[in-house]
Amino acid sequence: MLPLLAPSAPFAVWSYAVQPLAEALEELRSTHTAVNLSLHEPWLRQHQVLPGRTHPTMTTQAGAGGYVLSGNYMPPWARSGKRGGGGADEG
């Protein structure tokens, strides 16, 4: 998927299981293929708010659950620090 993205394009990948995303996160970090990496669980718990008593709504449903891996793609040529295009320091 990443080679199809433009340089610095944001991406997000969702999975029920954390392990595949944790492995992908480690690979992206070790190869410096992405920046601004984040792995989180976007879980929201609704609360019941009444005068003098606030507590989570009790349900047996787990909701969607899952985990999200996100970041910005950096292709190898963009990581080299080389720029083209007529800068002032070019001769």
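All of these numbers come straight from a predicted model, not from anything done at the bench.

Colleague: Is there a simple way to think about the nonpolar core in this case?
Modeller: Burial of nonpolar side chains together is a common tendency in soluble globular proteins. Judged by nonpolar contacts, Leu 2, Phe 11, Leu 21, Leu 25, Leu 28, Ala 34, Leu 37, Leu 69 and Tyr 73 together constitute the single largest core of nine residues. Elements represented by at least two residues in this core include exactly α1 (18-31), β2 (34-40) and β5 (67-73). The contacts of Leu 37, once residues within four sequence positions are left out, are Phe 11, Leu 25, Leu 28, Arg 29, Ser 70 and Gly 71.

Colleague: Quick question: what am I supposed to make of the confidence of the model for the protein here?
Modeller: Per-residue confidence for the protein gives a mean pLDDT of 81, with 76% of residues at or over 70. Per-element mean pLDDT across the protein ranges from 73 in strand β4 (residues 53-56) up to 96 in α1. Note on residues 85-91: pLDDT under 50 across the span, and three contacts to partners over four residues away in sequence or across chains.

Colleague: How should I be thinking about the pairing of strand β3 (residues 47-50) in this particular structure?
Modeller: Each regular strand shows side chains that alternate between the opposite faces of the sheet. Two elements, β3 and β4, share four bridges in a ladder whose sense is antiparallel. Directly across from Leu 50, in β4, lies its bridge partner Arg 53.

What counts as what
- Residues numbered from 1 in each chain as written.
- Predicted model: local features only at pLDDT ≥ 70, side-chain atom pairs only at ≥ 80, totals over all residues.
- Heavy atoms only, no water.
- Core = buried A, V, L, I, M, F, W, Y, C linked by side-chain atoms within 4.5 Å.
- Buried < 20%, exposed > 50% of the residue type's maximum accessible area, 1.4 Å probe, protein only.
- Helix = DSSP H or I, 4+ residues; strand = E, 2+ residues; numbered from the N terminus.
- Contact = heavy atoms within 4.5 Å.
- pLDDT = per-residue confidence, 0-100.
- Pairing = 2+ DSSP bridges.

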